[in-house]
Structure formats: structure tokens, C-alpha cells
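The primary structure of each chain is shown beneath.
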Amino acid sequence: MTSPTPDRELLRQLADIPEVSLSGFSVREGLAGTGVTVLRGRDYFGSWRAVDTQLVWVPANLTEPGHIVETVEEAVRHTLLMILKSIQSPGRKPPRALAC
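Definitions and cut-offs
Each chain has its residues counted from 1, running along the sequence as written. This being a predicted model, a pLDDT of at least 70 is required before a residue's local features are given, and a value of 80 or more before pairs of side-chain atoms are given or counted; all residues contribute to the totals for chains, interfaces and linings. Note that the side-chain values use all heavy atoms of the structure and ignore hydrogens as well as water. A run of DSSP states H or I qualifies as a helix once it reaches four residues; a run of E qualifies as a strand once it reaches two. Both are numbered from the N-terminal end. When DSSP finds at least two bridges between two strands, those strands are taken to pair. Angles run from 0 to 180 degrees between N-to-C directions of axes, and those axes are lines fitted to C-alpha atoms, restricted for helices to the stretch in contact. Between two residues, a contact is recorded if the distance between any of their heavy atoms is within 4.5 Å. In this analysis, the protein atoms alone were mapped onto a 1 Å grid. Cavities are point sets where a 1.4 Å probe fits without being able to get out; pockets are open sets with protein on both sides within 12 Å along at least five of seven lines; lining residues have an atom within 4 Å of a point. Grid points are joined across faces, edges and corners, and a volume is the space filled by probe spheres set on the points. Side-chain classes follow a simple rule in which Ala, Val, Leu, Ile, Met, Phe, Trp, Tyr, Cys and Pro form the nonpolar group, Asp, Glu, Lys and Arg form the charged group, and the remainder, Gly included, forms the polar group. Salt bridges are defined by distance alone: a side-chain nitrogen of Lys or Arg within 4 Å of a carboxyl oxygen of Asp or Glu. Exposure categories follow from relative accessible area, calculated using a 1.4 Å probe and restricted to protein chains: below 20% of the type maximum is buried, above 50% is exposed, and the middle band is partly exposed. Side-chain atoms alone can form a polar contact between residues adjacent in sequence; in general such a contact is a pair of N or O atoms within 3.5 Å, and within protein one must be able to donate a hydrogen while the other accepts it.

## Considerations on unusual backbone geometry
Thought 1: We note that D52 has phi near 55°; this positive angle belongs to a residue other than glycine.
Thought 2: Assignment of secondary structure puts D52 in the loop between strand 3 (43-51) and strand 4 (54-59).

What follows is the structure, encoded as C-alpha cells:
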């Protein structure tokens with residue numbers, strides 16, 4: 001049995017974190033059947049692509065820098081930090097799930 005590719009493992013790990021969806025985000029397989037697409041609500045937030053042994057982040061806002069990591073764990077951490085930064089931005093309403 002072969003081990004999952006880094007992008008498939010990243011998708012599985014992010015999907016298993018309830019705080020991702022509770023913060024208004026979702027993850028799904030990329031349109032080409034590879035990679036991981038991250039959505040904020042219905043809007044494209046960015047995507048991870050496996051390139052050789054690395055994972056490469058491409059943000060929706062191409063004026064922001066991309067990010068390259070060596071491990072799935074680093075990609076999970078970076079994704080969670082971007083989600084946190086996004087929901088902490090001033091002037092942005094929290095997702096309905098977090099509004100009390």
C-alpha cells in the first residue's frame with residue numbers, strides 16, 4: 001500500500017480540524033484533482049500544490065507573497081496562521097459561527 005501524497009495528507013489533516021470550518025473556511029481537493037483549495041466562505045482564499053517534495057502556497061491575492069514548506073505539518077501550521085490572521089483583521093466581521 002502506498003502512502004498518501006503530501007497534498008492529500010494536507011487535505012485530510014485540515015479537514016479533520018473543526019476550527020477551520022467554524023472560522024468560516026473550508027478545504028477541498030483542487031480543480032485538477034490535485035492540490036488543496038482553501039475557501040473563505042464561497043471565496044477563493046488560496047491553494048497548496050505539491051511540487052517535488054515541497055508544498056507551495058499560492059494566495060488568492062497575488063500581491064501577497066507565496067510560501068514554500070517542506071512538510072505537511074508546516075503547511076497545516078501556515079494555513080492555520082493565515083486563517084487566524086484573516087479573522088483578526090480589523091473591519092472584518094467574524095463568521096456567523098463565531099458571532100455571539
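## Thoughts on the sheet that holds strand 3
For sheets, the rule is that strands pair by backbone hydrogen bonds, running either parallel or antiparallel.
Thought 1: Spatially, 1-2-3-4-5 is the arrangement adopted by the 5 strands of the open sheet, whose pairing is antiparallel. Of all strands in the sheet, those bounded by a partner on one side alone are strand 1 (25-29) and strand 5 (67-69). If you compare each strand with its neighbour and ignore which way they point, the axes differ by 20° on average.
Thought 2: In the sheet, strand 4 pairs with strand 5 via 3 bridges, with the strands oriented antiparallel. Along strand 5, the bridge assignment pairs L55 with V69.
Thought 3: Where helix 1 (residues 6-15) meets the sheet, its contacts fall on strand 1, strand 2 (36-40), strand 3 and strand 4, and the angle it forms with strand 1 comes to roughly 150°.

## Some details on the layout of surface pockets
Thought 1: For the largest pocket, the calculated volume is near 340 Å³.
Thought 2: Taken together, 15 residues make up the lining of the largest pocket; nearest its centre are F45, E64, M82, K85 and S86.
Thought 3: The set of elements that each furnish at least two residues to the lining of the largest pocket consists of strand 3, strand 4 and helix 3 (72-88).
Thought 4: The leading source of residues in the lining of the largest pocket is helix 3, at 5 residues.
Thought 5: Considering only residue class, the lining of the largest pocket consists of 8 nonpolar, 4 polar and 3 charged.

## Quick notes on the pattern of salt bridges
Thought 1: Inspection of every chain in the model, using the stated rule, returns 3 salt bridges.
Thought 2: Between E29 and R8 there is a salt bridge, with its nearest N and O atoms 2.5 Å apart. Of this pair, E29 sits in strand 1 while R8 sits in helix 1, and the two are 21 residues apart along the sequence.
Thought 3: Overall, the relative accessible area of 47% leaves R8 in the partly exposed class.
Thought 4: The closest approach of N and O atoms between E9 and R12, which form a salt bridge, is 2.6 Å. Linking E9 with R12, this pair stays in helix 1, spanning 3 residues, or about one helical turn.
Thought 5: Overlapping salt bridges, with partners in common, bring together E9, R12 and D16 in one network.

## Section: the environment of Y44
Thought 1: Inspection of the secondary structure assignment puts Y44 in strand 3.
Thought 2: Residues Y44 and S26, 18 residues apart in the sequence, show an inter-C-alpha distance of 9.8 Å.
Thought 3: The residues contacting Y44, other than those within four sequence positions of it, are T37, V38, L39, V58 and A60.
Thought 4: Within the structure, Y44 has its side chain in polar contact with the side chain of S47 (distance 2.9 Å).

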